[in-house]
Amino acid sequence: MSVIYVLLAISIVVAITFFIAFIIAVKRGQYDDSYTPSVRMLFEDELIKDKSNKSILTKK
């Protein structure tokens, strides 16, 4: 029975460690998207065309 308590304590410590590592990575900008803004200008015309076609179809 004491093995369950030891494993539970170890799993909680590991979970807290991963959570702290995740928070630190988010604060340092690890998950910031730097690729999409540079490519967004290439796809803006297609998005505008799609929106205008949808509005034309709904007006008929």
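Residues numbered from 1 in each chain as written. Predicted model: local features only at pLDDT ≥ 70, side-chain atom pairs only at ≥ 80, totals over all residues. Heavy atoms only, no water.

Check the secondary structure of the protein chain and you find 2 helices and 0 strands. When the accessible surface of the protein chain is summed, it comes to about 6000 Å², and 68% of that surface belongs to carbon and sulfur atoms. (Helix = DSSP H or I, 4+ residues; strand = E, 2+ residues; numbered from the N terminus. Areas by Shrake-Rupley, 256 points an atom, 1.4 Å probe, with all protein chains shown as cover.)

Our next topic: the UniProt feature "transmembrane region" (unreviewed entry) in the protein chain. Mapped onto this structure's residue numbering, the UniProt feature "transmembrane region" (unreviewed entry) falls at residues 6-26. Annotated as residues 6-26, this span is 100% helix and 0% strand, and its ends, taken at the C-alpha atoms, are 31 Å apart. (UniProt positions renumbered as here; feature names shortened; annotations may be inferred.)

All right, on to the environment of tyrosine 31 then. Relative to the helices and strands, tyrosine 31 is located in the loop between helix H1 (2-27) and helix H2 (36-59). Tyrosine 31 sits in the exposed class, given a relative accessible area of 56%. In this structure, tyrosine 31 is in contact with Phe22, Ala25 and Val26, ignoring residues within four places of it in sequence. (Buried < 20%, exposed > 50% of the residue type's maximum accessible area, 1.4 Å probe, protein only. Contact = heavy atoms within 4.5 Å.)

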